[in-house]
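Overview (structure and organization)
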Amino acid sequence: MQRPTTASPPVRVAVVGAGPAGFFTAEALLRSTSPVFAVDVFDRLPTPFGLVRSGVAPDHQKIKAVTKTFERTAENHRFRFLGNVQIGRDLSAGELGAAYDQVVYAVGSSRDRRLGIPGEELAGSYSATAFVGWYNAHPDFRDFPFHLVSERAVIVGVGNVAMDVARILLKSPDELGKTDIARHAVETLRASRVREVVLLARRGPAHAAFDPRELEDIAALPEVGVSVDAQAVLADAPLSAELDARQRRNLELMRELSRAECTAPRRLRLEFFASPVELVGDETRRVCALRAERNAPGVGPDGRRVLTSTGQTFELATSVVFRSIGYRGEPIAGVPFDEKNGVIFNLDGRVTEGATGPVVPGTYAVGWIRRGPLGVVGTNKADAQLVVSKMVEDAAREPPRQAQGSVDGLLAERNVRVTSYDDWRVLDAVEVDEGRSSGKIREKVASVEQMMNALLRGSLRPE
Ligand code: NAP
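Residues numbered from 1 in each chain as written. Predicted model: local features only at pLDDT ≥ 70, side-chain atom pairs only at ≥ 80, totals over all residues. Heavy atoms only, no water.

**So, the packing of helix H16 (residues 421-436) against helix H17 (residues 448-457)**
For any two helices packed against each other, one specifies the crossing angle of their axes together with the interaxial distance. The interhelical angle for the contact between H16 and H17, taken along N-to-C directions, is 95 degrees, at an axis separation of 10 Å. Viewed along their axes, H16 and H17 adopt a mutual orientation that is roughly perpendicular. Along its contact with H16, which presents Asp423, Val426, Leu427 and Val430, the element H17 presents Met451, Ala454 and Leu455. Residue composition of the contact of H16 with H17, grouped by class: 6 nonpolar, no polar and 1 charged. (Axes fitted to C-alpha atoms, helices over the stretch in contact; angles between N-to-C directions. Helix = DSSP H or I, 4+ residues; strand = E, 2+ residues; numbered from the N terminus. Parallel < 35°, antiparallel > 145°, perpendicular 65-115°, else oblique. Contact = heavy atoms within 4.5 Å. Nonpolar A, V, L, I, M, F, W, Y, C, P; charged D, E, K, R; others polar.)

Structure follows, in structure tokens:
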């Protein structure tokens, strides 16, 4: 049966997750004229914008400017924000499915990947995910005890998240203090003893996952030097022809950096061809060293680069270790989850019962929870367009369901204090005001309770 497209009620969609994937999805749905959609965007936090608010580094404000686009989406009369509602806690996936014509999960990848080496549970062994959430005032990580007590910090992994963590550790706290970084983080960073940050990479410079701009930014910081082993760069030089533009620029940049002497008081050291094998603990069960094994670059029978473990180990003395080796999605009860890859099972965004199973009607996934934790904020725009094209196709084909189009009654019965987009506007103004009074772009409210109190009073300060 062809669904009528004019003068029929809008197709009701629940978008779960108000991060970039959720907002780009809402934007693409609201742009559709045939059929017309009405969109409710849910988030477990009272605030919108997901990783743009709590993942993008505080000194990368240009990236955060994308929220201007999200604000325009939120102005559409067919858009609603329902913050402070967790699917799986306040509402079940089944209840959401019954209430809406279509449900799209845009929940991102909130768990960190583990190294699986001895000592990972010791004090001083941290996840980059937690550190990023902490310096960005995410309520889940506000009270996380980061002790930056040794002169050296080691970060395992060489992606853009590792670069963000390294830059925050090395940059002047006075500079960071002008951004929207969490107040508690600036205080801890001021007291930090870290002077050297070692990035540990199991492969060579040609395969570093970061973008060259990130390394250039650190190299340009005042009083910060970058040290790269010239031998590692030489070992990867023959690969040049098979690299893409990003990798070639990285290699070139590291070649330049390896030639310069690094005498700055604070430094980033790139340690290549080394895999972590153990975090060594002291008698108080705190990390006192990271033990790593050297990998030898070689050429396989097919002419491709292979790495072999040499069995040769070395230790880096440190009491501060971050693992920054990627993220994983978190399962939601009632939504088919691929444990191996940490994503929701789907075929081009249509959720499936398993890897090859049938499609779950009216259920979709978009963003990192669909394709894994890869790509920058803007990558989610194309992803949202792909998934919305499937949603449009399905909505035009399928007969209208008896969806109630609202879960407001259930949420009220359960005493869930739902925040609206207008509430966010109030909080936004409160944060900007509070920041202004201390010379910052904004002072984020770092606890849900304080957010609710600020909404009642219109201020962060007690009366
Ligand atoms: P990522 O780019 O996937 O990097 C993960 C790093 O961890 C790689 O260097 C990887 O090395 C290494 N690794 C994985 N398993 C390991 C193991 N068992 N032992 C040692 N090293 C291991 O992940 P990410 O840094 O978390 O970033 C996630 C996404 O967010 C990326 O697409 C990134 O570009 C994006 N992001 C962008 C920005 C920005 O634009 N400023 C900022 C933050 C994040 P191998 O390559 O050898 O596997």
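**A look at the site of the ligand**
The local shell around the ligand holds 22 residues, among which Val158, Asn160, Arg202, Arg203 and Gly375 are the closest. In the model, an oxygen atom of the ligand is placed 2.7 Å from a nitrogen or oxygen of the arginine 202 side chain. Surface burial for the ligand is 82%, taken as the share of its 910 Å² of free accessible area covered by protein chains. At 3 residues, the largest contribution of residues to the shell around the ligand is made by helix H7 (residues 160-170). Residues of the shell around the ligand, tallied by class, amount to 11 nonpolar, 6 polar and 5 charged. (Near = heavy atom within 4 Å. Polar contact = N/O pair within 3.5 Å; in protein donor to acceptor, adjacent residues only side chain to side chain. Areas by Shrake-Rupley, 256 points an atom, 1.4 Å probe, with all protein chains shown as cover.)

**Quick notes on the sheet that holds strand E6 (residues 125-127)**
Read from one edge of the open sheet, 6 strands run E6-E14-E7-E8-E10-E9, paired in parallel fashion. The outermost strands of the open sheet, each flanked by one partner alone, are E6 and strand E9 (224-228). Strand-to-strand, the axes of this sheet are offset by a mean angle of 20 degrees, without reference to chain direction. Examined bridge by bridge, strand E7 (residues 152-156) and strand E8 (residues 196-200) share 5 bridges and lie parallel to one another. (Pairing = 2+ DSSP bridges.)

**A word on the sheet that holds strand E19 (residues 350-352)**
What holds strands together in a sheet is hydrogen bonding between their backbones, with the strands either parallel or antiparallel. Taken together, 7 strands build an open sheet; the order of strands is E3-E2-E1-E4-E20-E19-E18 and the sheet is mixed. With partners counted over all chains shown, the strands left at the sheet margins are strand E3 (79-82) and strand E18 (346-347), one partner each.

**Quick look at the pattern of salt bridges**
Pairing between side chains of opposite charge can happen when their charged atoms approach one another. Scanning all chains against the criterion turns up 49 salt bridges. Between arginine 167 and glutamate 214 there is a salt bridge whose closest N-O contact spans 3.6 Å. Separated by 47 residues along the polypeptide, arginine 167 in helix H7 and glutamate 214 in helix H10 (residues 212-219) bring together distant segments of the chain. Take arginine 167 and glutamate 214: they sit in the same class, and that class is buried. With its nearest N and O atoms 2.7 Å apart, the salt bridge here joins aspartate 422 to arginine 425. Here aspartate 422 pairs with arginine 425, and both are found in helix H16, just 3 residues apart, close to one helical turn. By relative accessible area, which is 38% here, arginine 425 ends up partly exposed. (Salt bridge = Lys/Arg side-chain N within 4 Å of Asp/Glu carboxyl O. Buried < 20%, exposed > 50% of the residue type's maximum accessible area, 1.4 Å probe, protein only.)

**Section: the nonpolar core**
Grouped together as the largest cluster of nonpolar side chains are 56 residues, with contacts concentrated most on Leu215, Leu268 and Phe322. Element by element, the count of residues in this core is highest for H7, at 7 residues. The contacts of leucine 215, once residues within four sequence positions are left out, are Met163, Phe210, Val226, Leu253, Met254, Leu257, Leu268 and Leu270. Listed in part, the 41 residues of the second largest apolar core include Val13, Ala18, Ala28 and Met391. (Core = buried A, V, L, I, M, F, W, Y, C linked by side-chain atoms within 4.5 Å.)

**Some words on the environment of valine 299**
Within the secondary structure, valine 299 sits in strand E12 (residues 287-299). Ignoring anything within four residues of it in the chain, the contact list for valine 299 reads Arg304 and Val306.

**Some thoughts on unusual backbone geometry**
Residue proline 35 is reached from serine 34 by a cis peptide bond, and omega for that bond is 0 degrees. Along the polypeptide, proline 35 turns up in the loop between helix H1 (20-31) and strand E2 (37-42). Non-glycine residue arginine 285 carries a positive phi angle of around 65 degrees. Mapped onto the elements of the fold, arginine 285 is located in the loop between strand E11 (274-281) and E12.

**Some points on the domain arrangement of the protein**
When its domains are assigned, the protein resolves into domain 1 (11-110 + 328-419) and domain 2 (114-325). Here the C-alpha centroids of domain 1 and domain 2 sit 33 Å apart. Of the residues lining the interface, 13 residues belong to domain 1; the matching set on domain 2 comes to 18 residues. Summing the contributions of domain 1 and of domain 2, the shared interface buries around 1,200 Å²; its carbon and sulfur component is 48%. Of all residues in domain 1, Ser54, Pro58 and Asp59 give up the largest surface area on contact with domain 2, accounting jointly for 42% of the area buried on that side. Seen at the junction of domain 1 and domain 2, the total is 4 salt bridges. Note that lysine 64 is salt-bridged to aspartate 180, the shortest N-O span being 3.3 Å. Between the two partners, domain 1 and domain 2, sit 9 residue pairs in polar contact (both at pLDDT 80 or more). (Domains from an automatic or database assignment. Buried area = accessible area lost by both parts, 1.4 Å probe.)

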